[in-house]
Amino acid sequence: MVRANLVSVILLMHAIVGFPLHARGLSMTYYMMSCPFAEQIVKNSVNNALQADPTLAAGLIRMLFHDCFIEGCDASILLDSTKDNTAEKDSPANLSLRGYEIIDDAKDKIENRCPGVVSCADIIAMAARDAVFWAGGPYYDIPKGRFDGKRSKIEDTRNLPSPFLNASQLIQTFGNRGFTPLDVVALSGAHTLGVARCSSFKARLTTPDSSLDSTFANTLTKTCNAGDNAEQPFDATRNDFDNAYFNALQRKSGVLFSDQTLFNTPRTMNLVNVYARNQAKFFFDFQQAMRKMSNLDVKLGSQGEIRQNCRIIN
């Protein structure tokens, strides 16, 4: 009883002095009183899953990007299609996304402890952060308090950046969402984890490409001999978050056209060179860019809801 009264007093004090509790905005301590174990639960779900399958780290980071770039960071990527609507996750650009079961696991455990409090959007943001750190990347904190959106439509995914864009197009596409050229190169460094499917790079193999190392081109060709869904790691350390991706670009061994273009363009080449020789600088700029990505067009209060099940609206 004493503890309950103390909690009530603290919550009242937070409301009086203007700390964010509900729709006031994002806060580093958003769940401190309402669900203090939320972050640890997410971390445990992520760590357990990645210990069993380290390749899922790339999936969680990619999920955040594919969520936030469409309709903002509102967990719209998690909504299942219905008979009346085809959702984002069923777009061709999203069919290779992985890690949904990790978000479901964290959400189920959190709902058992703090029902109706923690948004799916916050869980995605925390899971991506924890995946970066688990894989050896930098730790960065993010504010919480995102609400979940109610819209998820396949046609919205046409706004996702294509793997066929050149550096100028990437800078313009990301610039429209408030990102700088430095952010573009730093965020591209997330490709230090994971793989690309042949369908996303085979066009580079059909015509002479002076930006592609001939030996690496042979490697890509062998990969594609197994079909469009055959996978090629972005760099030699596919499960380690490091700066090997940028070293690969210097060797003309970027897998995607949108990767290699960063080294072929003067506006971004210098950043590639900096990150290739200075991993600490890459880590610092990456965590800054990921904070920005995690806060992209978030929904607050009446703009969204706290889903009970991340796959369906309430």
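Residues numbered from 1 in each chain as written. Predicted model: local features only at pLDDT ≥ 70, side-chain atom pairs only at ≥ 80, totals over all residues. Heavy atoms only, no water.

As named in an unreviewed UniProt entry, the protein chain is Peroxidase, taken from Cardamine amara subsp. amara. UniProt, in its Function (unreviewed entry) section for the protein chain, records the words "Removal of H(2)O(2), oxidation of toxic reductants, biosynthesis and degradation of lignin, suberization, auxin catabolism, response to environmental stresses such as wounding, pathogen attack and oxidative stress. These functions might be dependent on each isozyme/isoform in each plant tissue." Recorded in UniProt under Catalytic activity (unreviewed entry), the annotation for the protein chain is "2 a phenolic donor + H2O2 = 2 a phenolic radical donor + 2 H2O". (UniProt positions renumbered as here; feature names shortened; annotations may be inferred.)

A. Summary view of the UniProt feature "domain: Plant heme peroxidase family profile" (unreviewed entry) in the protein chain. Following the UniProt record, one finds the feature "domain: Plant heme peroxidase family profile" (unreviewed entry) at residues 25-314. The distance from the first to the last C-alpha atom of residues 25-314 is 22 Å, and the span holds 44% helix and 2% strand. (Helix = DSSP H or I, 4+ residues; strand = E, 2+ residues; numbered from the N terminus.)

B. Region of interest: unusual backbone geometry. Here the phi dihedral of E71 falls at roughly 65°; this positive angle occurs in a residue that is not glycine. With respect to the helices and strands, the residue E71 is situated in the loop between α3 (56-68) and α4 (100-113). One non-glycine residue, D297, adopts positive backbone phi at about 45°. Examined against the element boundaries, D297 turns out to sit in the segment after α12 (279-294).

C. Layout of the nonpolar core. In this structure, L78, I103, F246 and M293 are the most contacted members of the largest nonpolar core, which totals 76 residues. Beyond its immediate sequence surroundings of up to four residues, I103 is in contact with L60, M63, L78, I123, I124, A127 and C310. Formed by 11 residues, the second largest nonpolar core is a distinct cluster that contains F201, L220, F234 and V255. (Core = buried A, V, L, I, M, F, W, Y, C linked by side-chain atoms within 4.5 Å. Buried < 20%, exposed > 50% of the residue type's maximum accessible area, 1.4 Å probe, protein only. Contact = heavy atoms within 4.5 Å.)

D. Just the packing of aromatic side chains, in detail. Counted under the stated rule, the structure contains 15 aromatic pairs. Aromatic pair F241 and F286: ring centres 4.9 Å apart, planes at 55°, arrangement tilted. With a gap of 45 residues between them, F241 in the loop between β2 (231-233) and α9 (244-250) and F286 in helix α12 connect regions that are remote in the sequence. On the accessibility criterion, F241 (3% relative accessible area) is buried. What makes F286 buried here is its relative accessible area of 0%. Note on F246 and F282: the rings are 4.9 Å apart at their centroids and 75° apart in plane angle, and the pair reads as edge-to-face. Placement of F246 in helix α9 and of F282 in helix α12 is noted, with a sequence separation of 36 residues between them. Each of the two residues, F246 as well as F282, counts as buried. Taken together, the aromatic side chains of F241, Y245, F246, Y275, F282, F283 and F286 make up a single cluster linked through ring pairs. Sitting over the ring of Y100, K89 keeps its end group 4.4 Å from the ring centre. Above the ring of F37, the side-chain terminus of R113 is found at 4.4 Å from the ring centroid. (Phe/Tyr/Trp six-rings, centres within 6.5 Å; stacked < 30°, edge-to-face > 60°. Lys NZ or Arg CZ within 6 Å of the ring centre and 35° of its normal.)

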